[in-house]
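This is what each chain is made of:
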Amino acid sequence: MLDSVRVRLTLWYTGLLALFLVLLSLITYFIFWRSTLQRTDSNLAELSEAFLSTVQAEMLDSHGPDAPRLAVQEAIVEHHYRDHVFAVFDPSGGMLASSQDLPNQESPPKLFSSGSFRELRERSGTPDQHFGNVKGGRSGYRGVARKFTLKGQLYTLVILQSLHPQNEMLEEVRVTFAWVIPIAIFLASLGGYFLARKSLAPVVAMSSQAGRISAKNLHERLPIQNAKDELGRLAASFNDLLERVDQSFERQRRFMSDASHELRTPAAILRGESEVALSRTERPAEEYRESLAVLHAEAQRLTQIVEDLFTLTRADAGQYPLSPHEFYLDELVADCTHAARSLASAKQISLTCEVPEELPIRADEALLRRMILNLLDNAIKYTPAGGRVTVSCGRSGAEYALSITDSGEGIPGDLQQRVFERFFRVDKARTRSEHDGGGAGLGLSIARWIAEAHHGRLILARSDSSGSTFSALLPAQVSVPSTAASLTR
Ligand code: ADP
């Protein structure tokens, strides 16, 4: 049960509310109790003042040794109220007069001999008055004790007021708190549970909807009730995540299907060609050689595709190990041009290299070589016989701009950005029928990843009927990590 957020929220809420209510009640009760006590004390102070004034007035009319007692008795009769006890003690500590002497007195018999009464009496001073509690009766007494002089003699006045009415009132307050607080907590917990249930209902709906989403229905999205509140934003973030997962899933699916499609062709050719070669027992050696040449070319193509796929898979996972070191880019470019020269001359294509200056760089040389060869290979492949391919490389601000320009027929405008997509070929039928190493449409994806792994870019700078220019822009101060970041597509 405690695993439910609703229950935990309600418990927290109820617990905090209960604590708050109990604290509030305690503070209210304390303030109430203190003000009651202060009121009682000020009543007692006023009463003692009035009592002593009466005694002084009575003394004016009384004479003789008994005059103080008579005056005090008169004052007691005059000021005596229910719930009050008066007692006056003579200088020797003996009782001069008390309200106990009056008829129908209800005060307890041993009141004056109790320890708390004696303590109150002994603490009285002149003109200070001392307040204190005295035990006795149903609820005890609050008392005041003060000294006063009559005819040069020091007497002690003690007035007690029963605390019964105040205690009854405080008891009522306690009883009220005792049933109001539990009811308030109960109602608040019901309300809290209802609110928690209501506000978490969209989360519950989201979680059951999310539970239904699988690889088969990744396109489904969570409902968003209010896009501006927290839950709406959570659902929107979740939907964004689903969108990315969906896209990545779709890319992965397309990648797998394209990859198997690309592998199927060379595999089919290998099988067909070998079946033809084996179909007859006796064949001229020339025919066997031709079949083996086809098998060899297709096996090479198959190997190339598998290698490219492996490179892209590792690039996707950000796990392709880079081995950066310092070298001269101009030398690498010249080297690659030299390597492609035989390919170009086979098609009577003039291949020129223009690198006017030294271009030091720190990068993964093998990967940059692969990028340049991919671009050169494309330029030669898609340029008709007798055409021209130019490689140029130079510094442009903080970058090295490496451009490969051909005089081919170019790439149609609407397809120009798609050439960097995996398995994309402008003319699939033509490329495949040639069997000249026509790739699987992975070369430019890999070349672009290599440029990006070096914090650079690979762009199709120009392409029209007079030819195309691919440019790789690499930071002159390349410092690459030992593992390339994952491929961005
Ligand atoms: P492929 O291995 O098929 O060459 P790439 O990824 O290298 O794959 O290229 C993708 C497609 O872009 C090619 O199939 C081709 O249609 C087009 N392409 C690439 N380079 C050139 C170029 N220099 N001239 C014309 N088309 C090109």
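Nothing here was measured: the structure is a model prediction, and the numbers come from that model.

Looking at the packing of helix 4 (residues 164-212) against helix 5 (residues 230-279)
When two helices pack together, their arrangement is given by the angle between the helix axes and the distance between those axes. Packing of helix 4 against helix 5 brings their axes to within 10 Å, and their N-to-C directions diverge by 15°. Compared by their axis directions, helix 4 and helix 5 come out roughly parallel. Classified by chirality, the crossing of helix 5 by helix 4 is right-handed. For the pair formed by helix 4 and helix 5, the contact residues are S199, P202, V203, M206 and A210 on the first element and L231, L234, A235 and F238 on the second. Tallied by class, the residues present in the contact of helix 4 with helix 5 amount to 8 nonpolar, 1 polar and no charged.

Thoughts on the site of the ligand
Around the ligand sit 18 residues in total, of which N378, Y382, D406, V426 and L444 are the nearest. Note that an oxygen atom of the ligand is positioned 2.9 Å from one of the backbone N or O atoms of V426. In this structure, an oxygen atom belonging to the ligand sits 3.3 Å away from a main-chain N or O atom of G443. Considering the ligand on its own, with 530 Å² of exposed area, one finds that the protein chains cover 96% of that surface. At the level of elements, helix 8 (365-381), helix 10 (443-453) and strand 12 (467-475) are the ones that each hand at least two residues to the shell around the ligand. Looking at the shell around the ligand, its residues break down into 10 nonpolar, 5 polar and 3 charged.

Notes on the confidence of the model for the protein
The share of residues in the protein with pLDDT of 70 or more is 93%, and the mean pLDDT across the chain is 87. Of the regions scoring below 50 in pLDDT, residues 429-436 engages in 15 contacts with residues more than four places distant in sequence or in other chains.

Considerations on the pairing of strand 9 (residues 388-396)
Pairing between strand 7 (residues 350-354) and strand 9: 5 bridges, direction parallel. Counted as the bridge partner of S350 is R388 from strand 9. Relative to strand 10 (residues 399-406), strand 9 runs antiparallel, the two being bridged by 8 bridges. Paired with V389 across the two strands is D406, which belongs to strand 10. The antiparallel hairpin formed by strand 9 and strand 10 contains 2 residues in its connecting segment, where G397 sits at a positive phi of about 65°.

Describing the sheet that holds strand 1 (residues 84-89)
Ordered in space as 2-1-5-4-3, the 5 strands form an open sheet in which the pairing is antiparallel. At either margin of the open sheet sits one strand with a lone partner, and together these are strand 2 (95-98) and strand 3 (129-134). Ignoring strand direction, the axes of neighbouring strands in this sheet form an average angle of 20°. Sheet topology note: the strand 3/strand 4 (residues 141-150) ladder contains 6 bridges and is antiparallel. The residue of strand 4 that forms the bridge with G132 is G143. The sheet contacts of helix 2 (residues 67-79) involve strand 1, strand 2, strand 4 and strand 5 (153-162), and relative to strand 2 the element is tilted by about 25°. Taken strand by strand, helix 3 (residues 115-122) contacts strand 1, strand 3, strand 4 and strand 5, and its axis lies near 175° from that of strand 3.

Concerning the nonpolar core
Of all hydrophobic cores here, the largest spans 55 residues; its most connected members are L329, L368, M371, I372 and L376. Top contributing element to this core by residue count: helix 8, with 8 residues. Among the nonpolar cores identified, the runner-up in size contains 21 residues, and L44, F51, A75 and V144 belong to it.

Observations regarding the side chain of S468
Structurally, the position occupied by S468 is in strand 12. Side chain to side chain, S468 and S463 meet in a polar contact 2.9 Å long.

Quick notes on the pattern of salt bridges
What the rule picks out here adds up to 20 salt bridges. The partner of D41 in a salt bridge is R142, and the shortest N-O contact between them spans 2.7 Å. Taken together, the residues D41 in helix 1 (residues 5-61) and R142 in strand 4 connect sequence positions 101 residues apart. Here D41 and R142 have matching classes, each one buried. The partner of E243 in a salt bridge is R221, with the nearest N and O atoms 2.8 Å apart. Taken together, the positions of E243 in helix 5 and R221 in the loop between helix 4 and helix 5 put the pair 22 residues apart, joining distant regions of the chain. With relative accessibility at 32%, the residue E243 sits in the partly exposed group. Through salt bridges with shared partners, a single network forms among R221, E243 and D246.

Focus: the packing of aromatic side chains
Within the structure shown, the criterion is met by 8 aromatic pairs. Taking 5.6 Å as the distance between ring centres and 55° as the angle between the ring planes, the aromatic pair formed by F255 and F423 counts as tilted. One end of the pair, F255, is in helix 5; the other, F423, is in the loop between strand 10 and helix 9 (428-434), and 168 residues separate them in sequence. Pair check on accessibility: F255 and F423 agree, each one buried. Geometrically, the ring pair formed by Y320 and W449 is edge-to-face, given 5.0 Å between the ring centres and 65° between the ring planes. With Y320 in the loop between helix 6 (285-316) and strand 6 (324-328) and W449 in helix 10, this residue pair connects regions lying 129 residues apart in the sequence. W449 carries the same exposure label as Y320, and that label is buried. A connected cluster of aromatic rings, assembled from ring pairs, spans F89, F112 and F117. Sitting above the plane of the F89 ring, R121 keeps its charged end 4.2 Å from the centroid. Positioned above the aromatic ring of F420 is the side chain of R448, whose terminal nitrogen or guanidinium carbon lies 3.8 Å from the ring centre.

The rules behind these values
Residues numbered from 1 in each chain as written. Predicted model: local features only at pLDDT ≥ 70, side-chain atom pairs only at ≥ 80, totals over all residues. Heavy atoms only, no water. Axes fitted to C-alpha atoms, helices over the stretch in contact; angles between N-to-C directions. Helix = DSSP H or I, 4+ residues; strand = E, 2+ residues; numbered from the N terminus. Parallel < 35°, antiparallel > 145°, perpendicular 65-115°, else oblique. Left-handed = near helix turned anticlockwise from the far one by under 90°. Contact = heavy atoms within 4.5 Å. Nonpolar A, V, L, I, M, F, W, Y, C, P; charged D, E, K, R; others polar. Near = heavy atom within 4 Å. Polar contact = N/O pair within 3.5 Å; in protein donor to acceptor, adjacent residues only side chain to side chain. Areas by Shrake-Rupley, 256 points an atom, 1.4 Å probe, with all protein chains shown as cover. pLDDT = per-residue confidence, 0-100. Pairing = 2+ DSSP bridges. Core = buried A, V, L, I, M, F, W, Y, C linked by side-chain atoms within 4.5 Å. Buried < 20%, exposed > 50% of the residue type's maximum accessible area, 1.4 Å probe, protein only. Salt bridge = Lys/Arg side-chain N within 4 Å of Asp/Glu carboxyl O. Phe/Tyr/Trp six-rings, centres within 6.5 Å; stacked < 30°, edge-to-face > 60°. Lys NZ or Arg CZ within 6 Å of the ring centre and 35° of its normal.

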